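Architecture at a glance
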Amino acid sequence: MSPVQNQPVRSQVAHLFCELSLKLQAVGLADHYRCPLPITQVDLADVLGLTSVHINRVLREMRSLALITLCEQTLVIEALDELLRIAEFDPAYLQLEPQVA
């Protein structure tokens, strides 16, 4: 599969990683764009409705582009701005900012 064909899936995976990282950071379980990711590629595929083979290709591509590192059940976002761009991610919808009463 070509990188162009992987683009929508790469966007989905990037969005999931951005959201997980920000949510875990908000509750103190992530720091410096590093967060626990104790799930398998099969689990990721199930979450996104894809095959594990497809997820494997996309993760390999994301690593080769130096967007992420996955090691010992830890996700490290290496290029946050690029990952946000690929995901078309707007963290505002998570409403993680402190609410003013």
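Let us look at the structure shown here. Treat the numbers as computed from the prediction; the structure is a model and nothing was measured.

1. Section: the nonpolar core
Among the nonpolar cores identified, the biggest contains 26 residues, and Val13, Phe17, Met62, Ile68 and Leu83 are the most heavily contacted of them. Counting only elements with at least two residues in this core, the list comes to helix 1 (3-26), helix 2 (41-48), helix 3 (52-64), strand 3 (74-77) and helix 4 (80-87). Broken down by element, this core gets its largest block of residues, seven residues, from helix 1. Beyond its immediate chain neighbours, meaning those up to four positions away, Val13 contacts Leu48, Ile55, Val58, Leu59 and Met62.

2. Examining the pairing of strand 3
For a regular strand, side-chain orientation follows a simple rule: the groups alternate between the two sheet faces. Of the strand pairs in this sheet, strand 1 (residues 34-36) and strand 3 are connected by three bridges, and their pairing is antiparallel. Counted as the bridge partner of Pro36 is Thr74 from strand 3. Where strand 2 (residues 68-71) lies against strand 3, four bridges are found, and the strand directions are antiparallel. From the neighbouring strand, Leu70 faces strand 3, where its bridge partner is Leu75. Linkage of strand 2 to strand 3, two consecutive antiparallel strands, is achieved through a turn of two residues, within which Glu72 is found at a positive phi near 50°.

3. What about the pattern of salt bridges?
For the structure on display, the rule yields three salt bridges. Taking the shortest distance from any N to any O, the salt bridge between Glu61 and Arg10 comes out at 2.5 Å. Here Glu61, found in helix 3, pairs with Arg10, found in helix 1; they are 51 residues apart in sequence, far enough to count as distant. Note on Glu61: relative accessible area 12%, which makes it buried. Close ionic contact of Lys23 with Glu19 constitutes a salt bridge, the shortest N to O distance being 2.8 Å. Of this pair, Lys23 and Glu19 both sit in helix 1, four residues apart, roughly one helical turn. When its relative accessible area of 40% is taken as the criterion, Lys23 is described as partly exposed. Take Glu19: its relative accessible area is 18%, and that puts it in the buried class.

4. Thoughts on helix 4
Residues of helix 4 that are buried include every one of Leu83, Ile86 and Ala87, and no others. Looking straight down helix 4, one finds its buried side chains confined to an arc of 95°; they lie on one side. Exposed residues on helix 4 whose side chains face more than 90 degrees from its buried face are Asp81 and Arg85. Among the residues trailing helix 4, Glu88 stands out with phi positive, at a value near 50°.

5. Some details on the environment of Ile86
Topologically, Ile86 is positioned in helix 4. For the pair Ile86 and Ser11, spaced 75 residues apart in sequence, the C-alpha separation works out to 5.4 Å. Aside from chain neighbours lying at most four places away, what touches Ile86 is Arg10, Ser11, Ala14 and Leu67.

What counts, and where the lines are drawn
- Residues numbered from 1 in each chain as written.
- Predicted model: local features only at pLDDT ≥ 70, side-chain atom pairs only at ≥ 80, totals over all residues.
- Heavy atoms only, no water.
- Core = buried A, V, L, I, M, F, W, Y, C linked by side-chain atoms within 4.5 Å.
- Buried < 20%, exposed > 50% of the residue type's maximum accessible area, 1.4 Å probe, protein only.
- Helix = DSSP H or I, 4+ residues; strand = E, 2+ residues; numbered from the N terminus.
- Contact = heavy atoms within 4.5 Å.
- Pairing = 2+ DSSP bridges.
- Salt bridge = Lys/Arg side-chain N within 4 Å of Asp/Glu carboxyl O.
- Arc of directions from axis to C-beta.

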